[in-house]
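Structural features, examined
Here are the chains, one letter per residue:
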Amino acid sequence: MIIVEEKLKKFVLPSRNNLIIHTNVLEVFSFYRQRSLTDSESGGFLLGYQNLTTNSIIIDDLSVPQKKDFKNPIRFIIRDSGHKKKIQQAQKGGSFFLGTWHTHPQNFVSPSFIDISDWKESIKKEKPAADLMVFVIVGRQDIGVWVGDNEQKKIMRIREKL
């Protein structure tokens with residue numbers, strides 16, 4: 001029997017705990033990656049939980065683009081109720097809303113002014129199932145992860161744990 005080691009991505013949170021992105025989520029990111037400048041942006045909600053023992057944040061599921069979402073090569077807006085239905089379905093299995101993800105047609109990602117404005121609004125209005133709200137941008141060659149802290153009103157990029 002061949003055992004395939006599951007590959008996760010781990011990032012270091014400001015608290016020095018881990019943010020872990022499961023393999024199945026990474027595979028979906030790869031599927032929706034913008035391979036050319038004419039591909040539309042994609043995105044959705046990040047789902048998972050905060051481990052109460054380790055305080056690590058685990059992303060184990062996500063919603064994917066739906067028919068009624070707005071998408072073009074430089075913008076993605078969640079408009080379809082399928083995303084909220086995905087959250088309700090995931091809650092039955094112990095996963096909850098943690099934040100959002102979307103793609104950019106860049107090799108190495110950085111948030112746009114619109115991204116940062118949206119994120120600041122989100123940390124004021126939304127209630128994630130963890131101490132921090134998570135924002136992921138999937139680029140052609142990398143994945144950028146930011147966390148938003150409502151108490152300190154700060155958004156900071158976190159780095160992959162090597």
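Anyway, here's the lowdown on the structure attached to this text. All residue numbers refer to position in the chain's written sequence, counted from 1. Selection of residues for local features in this predicted model requires a pLDDT of at least 70, selection of side-chain atom pairs for listing and counting requires 80 or more, and totals for whole chains, interfaces and linings are taken over all residues. Here the side-chain values reflect all heavy atoms present in the structure, with hydrogen atoms and water set aside.

**Notes on the overall build of the protein chain**
Strands are runs of DSSP state E lasting at least 2 residues, helices are runs of H or I lasting at least 4, and numbering of each runs from the N terminus. Each helix and strand in the protein chain was counted, giving three helices and 10 strands. Start at the N end of the protein chain and walk to the C end: the helices and strands fall as β-β-α-β-β-β-β-α-β-α-β-β-β. Both definitions apply: the radius of gyration is a C-alpha atom measure, and the globule rule equals 2.2 Å times residues to the power 0.38. Against the globule reference of 15 Å for 162 residues, the protein chain gives a C-alpha radius of gyration of 15 Å, in line with a compact fold. If one aligns the C-alpha atoms of the protein chain with their principal axes, the spans along those axes are about 50 × 45 × 30 Å. Only protein chains enter the calculation, and the probe is 1.4 Å; a residue is then buried if its accessible area is under 20% of its type maximum, exposed if over 50%, and partly exposed in between. Expressed as a percentage of the 162 residues in the protein chain, the buried residues total 43%. Here, two residues are considered to be in contact whenever any of their heavy atoms come within 4.5 Å of each other. Within the protein chain, contacts between residues at least 6 apart in sequence are counted, and of these 63% link residues at least 24 apart. Surface summary for the protein chain: the accessible area is close to 9,500 Å², and the carbon and sulfur share equals 52%. His is not counted, nor are the chain ends; Lys and Arg add positive charge and Asp and Glu add negative charge. For this purpose, a charge sits on NZ of Lys, CZ of Arg, CG of Asp or CD of Glu. Between the mean site of the 25 positive side-chain charges and the mean site of the 18 negative ones, the protein chain shows a separation of 2 Å. All accessibility values rest on the Shrake-Rupley procedure with a 1.4 Å probe; residue burial counts only the protein chains present in the view.

**Things to note about the sheet that holds strand β9 (residues 143–149)**
Picture the strands of a sheet paired through backbone hydrogen bonds; they go either parallel or antiparallel. If DSSP finds at least two bridges between two strands, the strands pair. Here eight strands make up an open sheet; going across it, the order is β1-β2-β4-β3-β7-β8-β9-β10 and the pairing mixed. The open sheet terminates on both sides in strands that have one partner only, identified here as β1 (9–12) and β10 (154–158). Neighbour to neighbour, the strand axes of the sheet diverge by 30° on average, direction disregarded. Sheet analysis places strand β7 (residues 96–103) next to strand β8 (residues 133–138), joined by five bridges and oriented parallel. Bridge pairing in β8 links W101 to V136. All axes here are fitted lines through C-alpha atoms, helices being fitted over the stretch that makes contact, and every angle between N-to-C directions spans 0 to 180 degrees. Where helix α1 (residues 23–32) meets the sheet, its contacts fall on β1, β2 (18–21), β3 (43–50), β4 (57–62), β7, β8 and β9, and the angle it forms with β4 comes to roughly 50°. Helix-sheet contacts for helix α2 (residues 82–91) involve β3, β4 and β7, and the interaxial angle to β3 is about 20°.

**Quick word on the packing of aromatic side chains**
Planes of paired rings set the category: under 30 degrees apart is stacked, over 60 is edge-to-face and the rest tilted, where pairs are Phe, Tyr or Trp rings (Trp by its six-membered ring) whose centres lie within 6.5 Å. Going through the model one piece at a time under the given rule, you end up with six aromatic pairs. Where F45 meets F97, the ring centres are 5.3 Å apart and the plane angle is 90°; that geometry is what we call edge-to-face. With a gap of 52 residues between them, F45 in strand β3 and F97 in strand β7 connect regions that are remote in the sequence. Feature note: the residues F29, F31, Y32 and W101 constitute an aromatic cluster, connected by ring pairs.

**Overview of the layout of surface pockets**
Grid points spaced at 1 Å over the protein atoms alone were grouped into cavities, where a 1.4 Å probe fits but cannot get out, and pockets, open sets with protein on both sides within 12 Å along at least five of seven lines, with lining residues defined by an atom within 4 Å of a point. Grid points are joined across faces, edges and corners, and a volume is the space filled by probe spheres set on the points. Of the pockets and cavities examined, the largest pocket occupies roughly 690 Å³. Around the largest pocket sit 26 residues that line it, and F76, I78, T100, D118 and S122 are the ones nearest its centre. Secondary-structure elements contributing two or more residues to the lining of the largest pocket are β3, β6 (75–77), α2, β7 and α3 (113–125). A per-element tally of the lining of the largest pocket places α3 first, with six residues. Among the residues making up the lining of the largest pocket, the classes are represented as 12 nonpolar, seven polar and seven charged. Under the grouping applied here, Gly and all other residues not named as nonpolar or charged are polar, the nonpolar ones being Ala, Val, Leu, Ile, Met, Phe, Trp, Tyr, Cys and Pro and the charged ones Asp, Glu, Lys and Arg.

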